[in-house]
Amino acid sequence: MAEEKVVNEKVLVTDVSELKVPKEPKEVEISLGGNKIFKIKIREPTWLDKIQAWTELLEMSEEGKPKMNFALYYKRMLSALIVEPKLTEKDIEELSTTVGVELQKLVPPPFEQ
């Protein structure tokens, strides 16, 4: 770990590893209703994960007007972030509403920093 210095009452970070998302995914339990759960491992999104999904969120209509595809944003983010079990985009498209709503909570909203 690099040495830290205090500059104007703030700690100056010089270790690049502190700028990166954690490498270890976290385990999350998704309630399926009743006494059933589904466990997944999900990693924290990087800045670039969000930018890539964001570019797919915005589409142009045939009239040249921008339109937003939130389904594609969440599908791309979940495909990128869920480590285990690996879900295909087709799997994500076929999820029940109950599971989809729970998974959506794990993805940062598209317009939030």
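Look up: the structure comes first, before these words.
(A) Fine view of the overall build of the protein. A tally of helices and strands in the protein yields 4 helices and 7 strands. Across the protein, helices and strands are ordered from the amino to the carboxyl terminus as β-β-β-β-α-β-β-α-β-α-α. Here the C-alpha atoms of the protein give a radius of gyration of 18 Å, more than 25% beyond the 13 Å that 2.2 N^0.38 yields for 113 residues. Per-residue burial over the protein gives 21% buried out of 113 residues. Sequence separation of at least 24 residues holds for 50% of the intrachain contacts in the protein that already meet a minimum separation of 6. Working note: accessible area of the protein is about 8600 Å², and carbon and sulfur atoms make up 54% of it. On the protein, the mean spot of the 17 positive side-chain charges and the mean spot of the 21 negative ones are 2 Å from each other.

(B) Representation of the pairing of strand β3 (residues 26–33) in the model. Pairing between β3 and strand β4 (residues 36–42): 7 bridges, direction antiparallel. Pairing of Ser 31 across the sheet is with Ile 37, part of β4.

(C) Looking closely at the sheet that holds β4. Taken in spatial order, the 3 strands of this open sheet run β3-β4-β7, and their pairing is antiparallel. Each of the sheet's edge strands pairs with one partner strand only, and the pair in question is β3 and β7 (82–84). Ignoring which end each strand starts from, the neighbouring axes of this sheet average 50° apart. Packed on one face of the sheet, helix α2 (residues 70–81) meets β4 and β7 and runs near 35° to β7.

(D) Highlighting a nonpolar patch on the surface. A cluster of nonpolar side chains, contributed by Val 11, Val 13, Val 16 and Leu 19, occupies part of the molecular surface with about 370 Å² of accessible area. Along the chain, the position of Val 16 falls in the loop between β2 (10–12) and β3.

About the thresholds
Residues numbered from 1 in each chain as written. Predicted model: local features only at pLDDT ≥ 70, side-chain atom pairs only at ≥ 80, totals over all residues. Heavy atoms only, no water. Helix = DSSP H or I, 4+ residues; strand = E, 2+ residues; numbered from the N terminus. Rg over C-alpha atoms; globule rule 2.2 N^0.38 Å. Buried < 20%, exposed > 50% of the residue type's maximum accessible area, 1.4 Å probe, protein only. Contact = heavy atoms within 4.5 Å. Areas by Shrake-Rupley, 256 points an atom, 1.4 Å probe, with all protein chains shown as cover. Lys, Arg positive; Asp, Glu negative; His and termini not counted. Charge placed at Lys NZ, Arg CZ, Asp CG, Glu CD. Pairing = 2+ DSSP bridges. Axes fitted to C-alpha atoms, helices over the stretch in contact; angles between N-to-C directions. Patch = residues over 30% accessible without salt bridge, like charges linked within 9 Å, V, L, I, M, F, W, Y side chains within 5 Å. Salt bridge = Lys/Arg side-chain N within 4 Å of Asp/Glu carboxyl O.

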